[in-house]
Amino acid sequence: MNRRELLRLVALATGGVVIGGEFLLSGCNNPSAGLSLTFTESDIALLDEVAETIFPKTNTPGAKEAKVGQYMTVMVNDCYDEEDKKTFHEGMDKLNAACKEMHHTTFMNANAKERTDLLTVLDKEAKEYNKTKKDFDKAQNEKEKAELAKGNKTFIKEKMPSHYFTMMKQLTITGYFTSKVGRIGATRYEPVPGKYIGDLDYKKGDKIFTSLT
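Residues numbered from 1 in each chain as written. Predicted model: local features only at pLDDT ≥ 70, side-chain atom pairs only at ≥ 80, totals over all residues. Heavy atoms only, no water.

A. Here's a closer look at helix α6 (residues 112-138). Its 27 residues place the ends of α6 39 Å apart at the C-alpha level, agreeing with the 39 Å of an ideal helix rising 1.5 Å per residue. Those residues of α6 that sit buried are Arg115, Leu118, Leu119, Leu122, Asp123, Ala126, Tyr129, Asn130, Lys133 and Phe136. Where α6 begins, the side chain of Asn111 points an oxygen toward the backbone nitrogen of Lys113, at a separation of 3.2 Å. (Helix = DSSP H or I, 4+ residues; strand = E, 2+ residues; numbered from the N terminus. Expected span 1.5 Å × (residues − 1). Buried < 20%, exposed > 50% of the residue type's maximum accessible area, 1.4 Å probe, protein only. Polar contact = N/O pair within 3.5 Å; in protein donor to acceptor, adjacent residues only side chain to side chain.)

B. A look at the nonpolar core. In terms of nonpolar packing, the biggest core is built from 35 residues, with Phe88, Leu95, Phe107, Leu122, Met168 and Leu171 touching the most fellow members. For this core, the secondary-structure elements that each account for two or more residues are α3 (41-54), α4 (68-79), α5 (82-103), α6 and α8 (164-177). Considering each element in turn, this core owes the most residues, eight residues, to α8. Setting aside anything within four residues of it in sequence, one finds Phe107 in contact with Leu46, Glu49, Val50, Thr53, Leu95, Asn96, Cys99, Arg115, Leu118 and Leu119. (Core = buried A, V, L, I, M, F, W, Y, C linked by side-chain atoms within 4.5 Å. Contact = heavy atoms within 4.5 Å.)

C. Layout of the environment of His163. Position of His163 among the secondary structure elements: in the loop between α7 (142-148) and α8. Considered as a pair, His163 and Phe88 are 75 residues apart in the sequence and their alpha carbons are 8.2 Å apart. Every residue in contact with His163, bar those within four places of it in the chain, is listed here: Leu122, Glu125, Ala126, Tyr129 and Asn130. For His163, the side chain forms a polar contact with the side chain of Glu125, separated by 2.7 Å.

D. Fine view of α4. Given a rise of 1.5 Å per residue, twelve residues ought to cover 16 Å, and the 16 Å separating the end C-alpha atoms of α4 matches this to within 8%. Across the twelve residues that make up α4, a large majority, nine, are buried. Where α4 is concerned, the buried positions are Val68, Gly69, Tyr71, Met72, Thr73, Met75, Val76, Asn77 and Cys79.

And the structure:
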């Protein structure tokens, strides 16, 4: 699985186009990224715990071991435009607010089940939002756009912003599976070039193969 295939799978898993994906592929900074945002150690710790809830440590390494929280901050600053940066940064507060509403505590103080329950709800919310966003982006006139955006407080002029949890989930998946920890710990990593084996046996439950191409 190369990076292009990974981005395709991430898009399928999150129901939306991978935000900043073209810059992940090219390894270049987004020229419209503008000023970098400051992420505190507390911000990175929160993002690590969000990522760890999505990819917890089991018999394979978890997302915290892959330093996915730090990866998110780099990708947001290098690959996101100004609006997406703002959405992501504000999303950390929204996630905490949602956790307080659902469990009467912050995400960092919530237990593993509470965190999982919250992210399950946010994931469903984000996927439903992304369906509307796709229709909105395809709409041909202002009347259609206004109808789709009705009751949506995040509607801004002629554009619906991305959902913050979609960003977090996409960055968690790409961060984990492009890290050394994720590649070697959660997949059967094969360096490239390697020899071709056309009839390799596969047993149910075997890890997928990856390379860093």
